[in-house]
Structure formats: C-alpha cells, structure tokens
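Coordinate inspection notes
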Amino acid sequence: MLKTRSSHMFAVSVAALAAFFAFSAINPAYSAERKSIRWATSSTGSYGYNVAAQMTKVLEDALGGEYTVTVNPYPSTTAAMKAAMDGDGEISYTADVGMTQVYEGDGSFKDFKPAKSRLVHTWYAYPMESFMAVYAPKASQFKSWGDFSGKPVFFTPAGFMNWLNFVRIYKALGYQFKHVQIGEAAQGDALQAGTIVGAVAYTTAGASLPAYWRETELRADIRVINPTSDEVKKLTAAGLAPVEVDPKKAFSKDVGVKTILGVPILFAYNVRADMPEEVVYKMLNKFYAERETLAKAQPGFIPMARDFVGMQVNGINANPTVPVHAGLAKFLKEKKAWNDKWTIAK
C-alpha cells in the first residue's frame, strides 16, 4: 500500500514538474523574475506623470515583457532627476533646461554629487511653452513681464522645468524672481485672493494645458500677459525666442490675447549611461514605430510624430556637450542623423 502510494505521489510530482517546464518554455517571461524599470516623474496630475503612465505598457511591449515598468511620482521634476541619478529610478522626466543645470552644476544642482551618475541624452518627447497669466479683474495692472518683477508669483511648483525656464527668463531680462510656493489645486483661489499676482501657465505642443490649469480656468477668469516687443528682443538675443501659441487650442475661454507668446523648452525622459544599449535602442524603435498612434492618443506627441528624429537632434543640440546614450546613438546612426561632434556616453 505504501509502495503504491509513493509511486502515485512520484508520478504526480513528475507530471507537475513537466507541466511547469512546459509552461516556462511557452512563457519565458515567467521562467525568471521580470526585471524592473522605475520611471521617475513630476507629481501626479502633471503632464509628465500622465505621459509616463500612458507609456508604461508601450515600453513593456518594446522590451518583450522582460521588464515591469512602474511610474514613481516626485514633488518636482528636479527631485525625479536626482532620484534617478542617485539610483532610485532608471528613467527620469527632465528637459533641456534641466540638463543644462545638471552639467553646469547650477541652481538646484549646485554641489550635487549623484550616487550613481548623471543623466544623458536618451529620448526627447515634446515641447512646452511657458507664459504668464493673471486673474482677469486685475489684468489692467500688468502690461509686461517686467510688471511682475519682485512681486509674488507662482512660477509652477518649485523645481518644475517650467519654473526653471522662468528662472532663466528673469535672469535674461534682469528681473527679480519672487516665487510663492502653493499647491497646484490652490492656484485659482490664490489668484483671486491676491496671494499671488500672477501664475505661470504652460502648454504642450501649443495645445494641451496641465490638469491643474484646466481646473484653474474653470474656477476663475484668466488673462494672459505677453512680453513686450523690447522683452521679446532681449529674450531672442539670449536664445530664448518666444513662440506663438493659439489661445483657442489651449484655453476653453477667452484669455484676452489673439496670440500667446511663450518661451519653449524641450522635454525628455532620460536615463543614466549604465542602462543597457539594447534596452534604449528597442525603446526608441518602438516609440518611433508607434509615433502616429501615440500622437492620436496624446496631442503633445504631434511634433514628435511629425519629426521624431529631428526632435532627438534638437534635444542634443540644446546641450551638445552632454553625452548621448549608446542606444540613442545607434538609433540616430541608422537614421543617418548622427553628428560625429557628439559624444557617446560610457
């Protein structure tokens, strides 16, 4: 009886093992633990977070199911960048202005020593345009960006790339940067109460407003204040030439101007040089192949879909001395867009 029972148990065990190995052969992703990619972004509700959340499945598919991609929000883009450079993330939300500060050791990155290594050029995804707005009943008090100098303004959350953009804008114009930190949800109330006299708004690809600005324009009438012609000349001379944004594509209500003038920045999702070349190469090829579909789902991707390769080139040229990830270098060489003056990250 004992022998029969033992034989039976052995047969069951062999059958179970055979089934397991057969399943593993069919599903290699389950035969070993999936590796992790942590995608560091700005806070929930920000455009950078929303895009990353939409892209996780696309990236997992690009990597054949070998990786699990998770989105980790941080209070600001700067915090996300530092987390990735310290080894607490693999991909980080950033922008050309942020990459400049990292490599110049300026601003929030002064004396910053990453525990791992600095971010390198990887994937440039969409442009944003930063501009100034006020509560409509007080709009007559402001005729230029200089009228905000030294006055309390919410320049987007501290550490955001649009915040950094206005730091360099004010530096170029010689104005006093007086930031008041508030929660995004409180922006409309703060404008109406006079706690802040202005707030920086931004669009993605000249169209999409961030979610918290959508809430603000529903709660309060808003007016956009454009830079004067003299301010435009100074910004242009500093390499910060404003671009035109159609207010009807950005806002649901009239904002007092026929054309918005915003200073552009180019946003990216960059990695450290130690990310395997093939991971970045597969990621870029997948995003390139899906660019039209991505643009239909997310209007901010329209410029990328129109000229994916050109956007990568522009991102690198904004900081040409910053190293380029080997995966991006391989991609650009295949597209015959590589510049031998650039440096491949090691």
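Please read all numbers here as calculations on a predicted model, not as lab measurements.

Regarding the packing of aromatic side chains
- On inspection of all chains with the given rule, the structure shows 26 aromatic pairs.
- An angle of 90° between the planes, with centres 6.4 Å apart, marks the rings of Trp213 and Phe251 as edge-to-face. With a gap of 38 residues between them, Trp213 in helix H8 (residues 211-219) and Phe251 in the loop between helix H10 (247-250) and strand E10 (260-272) connect regions that are remote in the sequence. Exposure class is identical for Trp213 and Phe251. Each is buried.

Comments concerning the packing of helix H5 (residues 96-104) against helix H6 (residues 161-173)
- The N-to-C vectors of H5 and H6 enclose an angle of 70°; their axes lie 8 Å apart at closest approach. Between H5 and H6, the crossing angle belongs to the class labelled roughly perpendicular. Seen from H5, the contacting residues are Asp96, Val97, Gly98 and Gln101; seen from H6, they are Met161, Leu164 and Arg168.
- When grouped by side-chain class, the residues that make up the contact of H5 with H6 number three nonpolar, two polar and two charged.

With respect to helix H4 (residues 77-85)
- Where burial is concerned, most of H4 is hidden: seven out of the nine residues are buried.
- For H4, the full list of buried residues reads Thr77, Thr78, Ala80, Met81, Ala83, Ala84 and Met85.
- After H4 finishes, the residue Gly87 shows a positive phi value of roughly 95°.

Some remarks on the pairing of strand E3 (residues 91-95)
- Counting buried residues along E3, five of its five residues qualify, which places the element largely inside the surrounding structure.
- Neither face of E3 is left uncovered, since the one carrying Ile91, Tyr93 and Ala95 and the one carrying Ser92 and Thr94 both have all their residues buried.
- When strand E1 (residues 35-41) meets E3, the two strands line up parallel, connected through two bridges. Along E3, the bridge assignment pairs Ala40 with Ser92.
- Note that E3 and E10 share five bridges and pair antiparallel. Considered in E10, the bridge of Ser92 is made with Asn270.

Structural notes on the environment of Glu334
- By the secondary structure assignment, Glu334 is in helix H15 (residues 326-334).
- On the basis of relative accessibility, which here comes to 45%, the residue Glu334 falls in the partly exposed class.
- Residues Glu334 and Met161, spaced 173 residues apart in sequence, show a C-alpha to C-alpha distance of 31 Å.

Quick notes on the environment of Leu164
- Its location among the elements puts Leu164 in helix H6.
- By relative accessible area, Leu164 is classed as buried at 3%.
- For Leu164 and Ile265, which are 101 residues apart along the polypeptide, the C-alpha to C-alpha distance reads 10.0 Å.
- Those residues within four positions of Leu164 in sequence are excluded, and the remaining contacts are Thr78, Val97, Gly98 and Gln101.

Focus: the confidence of the model for the chain
- Residue-level pLDDT values for the chain average 90, and 91% of them are 70 or greater.
- Here residues 1-31 is a poorly scored stretch, pLDDT under 50, and it has four contacts once near neighbours within four places are set aside; other chains count.

A word on unusual backbone geometry
- With a phi angle near 55°, Ala205 is a residue other than glycine that sits in the positive phi range.
- Structurally, Ala205 can be placed in the loop between strand E7 (198-204) and H8.
- The phi dihedral of Lys336 is positive, around 55°, even though this residue is not glycine.
- Mapped onto the fold, Lys336 is located in the segment after H15.

What about the environment of Glu231?
- Mapped onto the elements of the fold, Glu231 is located in helix H9 (residues 229-237).
- Classification of Glu231 as buried rests on a relative accessible area of 3%.
- Put simply, Glu231 and Leu173 are 58 residues apart on the chain and 7.0 Å apart in space, counted from C-alpha to C-alpha.
- Those residues in contact with Glu231 that lie beyond four places of it in its chain are Ser144, Trp145, Gly146, Leu173 and Tyr175.

Criteria and thresholds
Residues numbered from 1 in each chain as written. Predicted model: local features only at pLDDT ≥ 70, side-chain atom pairs only at ≥ 80, totals over all residues. Heavy atoms only, no water. Phe/Tyr/Trp six-rings, centres within 6.5 Å; stacked < 30°, edge-to-face > 60°. Helix = DSSP H or I, 4+ residues; strand = E, 2+ residues; numbered from the N terminus. Buried < 20%, exposed > 50% of the residue type's maximum accessible area, 1.4 Å probe, protein only. Axes fitted to C-alpha atoms, helices over the stretch in contact; angles between N-to-C directions. Parallel < 35°, antiparallel > 145°, perpendicular 65-115°, else oblique. Contact = heavy atoms within 4.5 Å. Nonpolar A, V, L, I, M, F, W, Y, C, P; charged D, E, K, R; others polar. Pairing = 2+ DSSP bridges. pLDDT = per-residue confidence, 0-100.

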